[in-house]
Amino acid sequence: MSGTLNKVMLIGHLGDEVKMHYFEGGNCIGRFPLATNETYTNKQTGEKVTNTDWHNIVIRNKAAEICEKYLSKGDKIYVEGRLKNRQWQGEDGNTRYTTEVHVQDFTFLTTKKESTANSQASNQNQPQQGSSATTNTTNKVNEPLGANGPEEEDDLPF
């Protein structure tokens, strides 16, 4: 095969609010940290171990504005995009490097507003059907994650 592939798919929780930056000409960019967890049971101690990885997420234009409007810290989201490496000069004169995920598609899995509404409905003992907002940067509709979603946890250390 002579082609290459640069594709990232993540499901995680926002570590902070979406930070927006607006440019001349009307374009904008949104950035936020995304936490993903790996959980396994240590075979020697029997202790449950959780490792968290942080990912720098970058999203552009209308999609960024949608994320800023509806997402807040702690919300769960599915993002799909490409890895990009970037470098810049720090204030101290040193060259800094970072790896970012530039989002092409995303799906809101839970939002604070939805979680609050669902918990209030549970407190009133009224069943309420949850919904997941689905969108992407090309404005096509995606199916919510279902049977093909993430697999069940296992006790493998990798």
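Basis of the calculations
- Residues numbered from 1 in each chain as written.
- Predicted model: local features only at pLDDT ≥ 70, side-chain atom pairs only at ≥ 80, totals over all residues.
- Heavy atoms only, no water.
- Pairing = 2+ DSSP bridges.
- Helix = DSSP H or I, 4+ residues; strand = E, 2+ residues; numbered from the N terminus.
- Salt bridge = Lys/Arg side-chain N within 4 Å of Asp/Glu carboxyl O.
- Buried < 20%, exposed > 50% of the residue type's maximum accessible area, 1.4 Å probe, protein only.

## Concerning the pairing of strand β4 (residues 48–60)
Pairing of strand β3 (residues 28–41) with β4, which is carried by 13 bridges, proceeds in the antiparallel orientation. By the bridge assignment, Tyr40 is partnered in β4 with Val49. Connecting the antiparallel pair β3 and β4 is a turn made up of 6 residues, with Gly46 showing a positive phi of about 75 degrees. Note: β4 against strand β6 (residues 95–110), 3 bridges, orientation parallel. Each bridged residue has a counterpart across the sheet, and for Asn56 the counterpart in β6 is Glu100.

## So, the pattern of salt bridges
Tallied over the full model, the rule gives 5 salt bridges. Of the charged contacts in the structure, one is a salt bridge between Glu80 and Lys7, with a shortest N-O distance of 3.3 Å. Here the residue Glu80 occupies a position in strand β5 (residues 76–89), and Lys7 occupies one in the segment before β1 (8–14), the gap between them amounting to 73 residues. Taking the relative accessible area as the measure of exposure, Glu80 reaches 13% and is therefore buried. Take Lys7: its relative accessible area is 48%, and that puts it in the partly exposed class. A salt bridge links Glu100 to Arg31; the nearest nitrogen and oxygen atoms lie 2.6 Å apart. You can see Glu100 sitting in strand β6 and its partner Arg31 sitting in strand β3, a full 69 residues away along the chain. Owing to a relative accessible area of 4%, Glu100 belongs among the buried residues under this scheme. Overall, the relative accessible area of 32% leaves Arg31 in the partly exposed class. Through salt bridges with shared partners, a single ionic network connects Arg31, Arg86 and Glu100.

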